[in-house]
Amino acid sequence: MATEPRARLGAKLAEITPGDIDTFFFTNGGAEANENAVKIARFFTGRHKILARYRSYHGATAGSISLTGDPRRWAAEPGIPGVIRVFDPYHGIERGWDSVEQALANIEEVIQLEGPQTIAAFILEPVTGTNGILVPPDGYLPGVREICKKHGILMVADEVMSGFGRTGEWFAVDHWKVVPDLISMAKGLTSSYLPLGAVGMRHHIAQHFQDKVFYGGLTYNSHPMGCAAALATIRVYEEDRLLENTRKMGAVMKGLLRDLQSRHPSVGAVRSIGLFGIVELVRNRRTREPMAPFNGSSEEMTALGRFFREQGLYTFVRWNTFFTNPPLCITEKELREAFAIIDRGLDATDKAVLD
Ligand SMILES: Cc1ncc(COP(=O)(O)O)c(C=O)c1O
């Protein structure tokens, strides 16, 4: 059904998404957007394999949890066929980062070994969200873009978490001027007030489906209420200048994160882009042993999470990390108030540092 909110939302999204992405398939949320991205890529290319990364989360439905690389996928295995995984440029707090050249060479090697002609898409979070706010080194995303183009593989940017101003641009790929072939979104699309997701596609991909049926769509897709909520939300981003606020407060937050790192021995690393931030804790500054193991917790991390909640600071504490992802409308006073709580919480984790 054509409805006015749906039509207006498609036109608005075409304005704010990168390059010639101009057609949108609306879904009920993020996981379903990724499901459809996989189907679009497979139908468009006639290939079946999908490349994905280990440190990733793409949603909890059968297909999206198979794309997901982090341990949330384990219980759902074997999952959908055809998913091939590559390493991320980041290897955890102890091993750190690959160079751009190493990271791209690893991807290229996997593609060669799998057979480029069998790979439909490479799905990745441009700035990885729940797996650690991994801001890629400059050159990585443009490099991935080039590799995909060379092999006829569609680049799918999962911007479910990083989209809609979170990083200080409408979409994280905008920082590196990369135009993916498909882009999935949800969450910030309606500020999560109503359920809505979307997968956007470049013009030539949309054209492919002009005379070929796309077998997809669920009863509630493109729900007019969801589309109206998205239009209203985008208007607020613009009227309240939330991208501008995110850039300004993002700079303040970067300073506050660095300050924590310089004063607290348990802070092993901090990363942020816009208002998308994280702190990684270590129990040994020399060996960089994390404060909790991969996919595990520890007494100290549990206590830190409890302290934050008791102090009225609601944030995501996971493994040896906690996130600093405040609302985009946050003020400097509120941000400083939150970091004062974090500061007090870290006094306790500092005591567990051995070396
Ligand atoms: C990067 C990313 N992709 C996809 C999803 C799944 O979105 P949804 O929960 O709306 O299905 C999430 C949710 O956390 C996410 O962070």
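Model, not experiment: these values are computed from the prediction.

Reading across from one edge, 1-7-6-5-4-2-3 is the order of the seven strands in this open sheet, with mixed pairing throughout. Since the sheet does not close on itself, it has two edges, and those belong to strand 1 (21-27) and strand 3 (83-86), each with one partner. Ignoring strand direction, the axes of neighbouring strands in this sheet form an average angle of 25°. Pairing between strand 1 and strand 7 (residues 197-202): six bridges, direction antiparallel. Of the residues in strand 7, the one forming a bridge with Phe25 is Val199. Across the sheet, helix 1 (residues 4-16) is in contact with strand 1 and strand 6 (182-185); its angle to strand 1 comes to roughly 135°. Packing against the sheet, helix 5 (residues 100-114) makes contact with strand 2 (49-53), strand 3 and strand 4 (119-124), and its axis sits at approximately 150° to strand 3.

By domain assignment, the chain separates into domain 1 (4-239) and domain 2 (242-350). For domain 1 versus domain 2, the separation of C-alpha centres amounts to 27 Å. Each partner contributes to the interface: domain 1 provides 31 residues, whereas domain 2 provides 31 residues. Summing both partners gives a buried area of about 2300 Å² for domain 1 against domain 2, and 66% of it is carried by carbon and sulfur. Per-residue buried area on domain 1 facing domain 2 is highest for Ile93, Ile133 and Arg166; these three make up 34% of the total on that side. Taken together, domain 1 and domain 2 are joined by one salt bridge. Across the domain 1-domain 2 interface, the total number found is ten residue pairs in polar contact (both at pLDDT 80 or more). Here the residues of the side of domain 1 that touches domain 2 sort into 15 nonpolar, ten polar and six charged.

Turning to the layout of surface pockets, a few remarks are in order. The space that makes up the largest pocket amounts to roughly 620 Å³. Together, 22 residues line the largest pocket, and Arg166, Gly188, Ser191, Tyr237 and Leu328 are the ones closest to its centre. The dominant element in the lining of the largest pocket, judged by the number of residues it contributes, is helix 8 (residues 224-239), at four residues. Residue classes in the lining of the largest pocket are distributed as 13 nonpolar, six polar and three charged. Formed jointly, the lining of the largest pocket draws a minimum of three residues from each of two domains, domain 1 (4-239) and domain 2 (242-350). What the second largest pocket holds in volume is close to 430 Å³. Taken together, 19 residues line the second largest pocket, and the ones lying closest to its centre are Arg6, Phe24, Phe25, Phe26 and Ser222.

Before going further, it helps to examine the site of the ligand. Lining the immediate environment of the ligand, one finds Gly29, Gly30, Ala31, Asn34, Tyr57, His58, Gly59, Glu125, Asp158, Val160, Met161 and Lys187. Within the backbone of Gly30, a nitrogen or oxygen atom sits 2.8 Å from an oxygen atom of the ligand. Computed on the free molecule, the ligand has an accessible area of 390 Å², of which 79% lies beneath the protein chains in the complex. Here the shell around the ligand takes three residues from helix 2 (residues 30-45), the largest share from any one element. Classifying every residue of the shell around the ligand by side-chain character gives four nonpolar, five polar and three charged.

Let's shift gears to the pattern of salt bridges. All chains considered together, the criterion is met by 20 salt bridges. Among the salt bridges present, the one from Arg283 reaches Glu300, with a minimum N-O distance of 2.9 Å. Of the two residues, Arg283 sits in the loop between strand 9 (276-281) and helix 10 (299-310) while Glu300 sits in helix 10, which places them 17 residues apart along the sequence. According to the relative accessible area criterion, Arg283 is buried, its value standing at 16%. Looking at Glu300, the relative accessible area reads 21%, which means it is partly exposed. Through salt bridges with shared partners, one network takes in Asp20, Arg145, Asp181 and Arg202.

Before going further, it helps to spend a moment on the pairing of strand 5 (residues 154-158). Of all five residues in strand 5, five are buried; the element is thus mostly enclosed. Judged by which residues are buried, strand 5 turns out to be covered on both faces: Leu154, Val156 and Asp158 on one side and Met155 and Ala157 on the other are all buried. Here strand 4 runs beside strand 5; their pairing, made up of four bridges, is parallel. Each bridged residue has a counterpart across the sheet, and for Leu124 the counterpart in strand 5 is Ala157. At this point the chain moves from strand 4, through helix 6 (residues 140-151), to the parallel strand 5, and the crossover so formed is right-handed.

Conventions used here
Residues numbered from 1 in each chain as written. Predicted model: local features only at pLDDT ≥ 70, side-chain atom pairs only at ≥ 80, totals over all residues. Heavy atoms only, no water. Pairing = 2+ DSSP bridges. Helix = DSSP H or I, 4+ residues; strand = E, 2+ residues; numbered from the N terminus. Axes fitted to C-alpha atoms, helices over the stretch in contact; angles between N-to-C directions. Contact = heavy atoms within 4.5 Å. Domains from an automatic or database assignment. Buried area = accessible area lost by both parts, 1.4 Å probe. Salt bridge = Lys/Arg side-chain N within 4 Å of Asp/Glu carboxyl O. Polar contact = N/O pair within 3.5 Å; in protein donor to acceptor, adjacent residues only side chain to side chain. Nonpolar A, V, L, I, M, F, W, Y, C, P; charged D, E, K, R; others polar. 1 Å grid on protein atoms, 1.4 Å probe; cavity = no way out; pocket = protein on both sides within 12 Å on 5 of 7 lines; lining within 4 Å. Points joined across faces, edges and corners; volume = space filled by probe spheres on them. Near = heavy atom within 4 Å. Areas by Shrake-Rupley, 256 points an atom, 1.4 Å probe, with all protein chains shown as cover. Buried < 20%, exposed > 50% of the residue type's maximum accessible area, 1.4 Å probe, protein only. Right-handed = clockwise from strand over helix to strand, strands pointing away.

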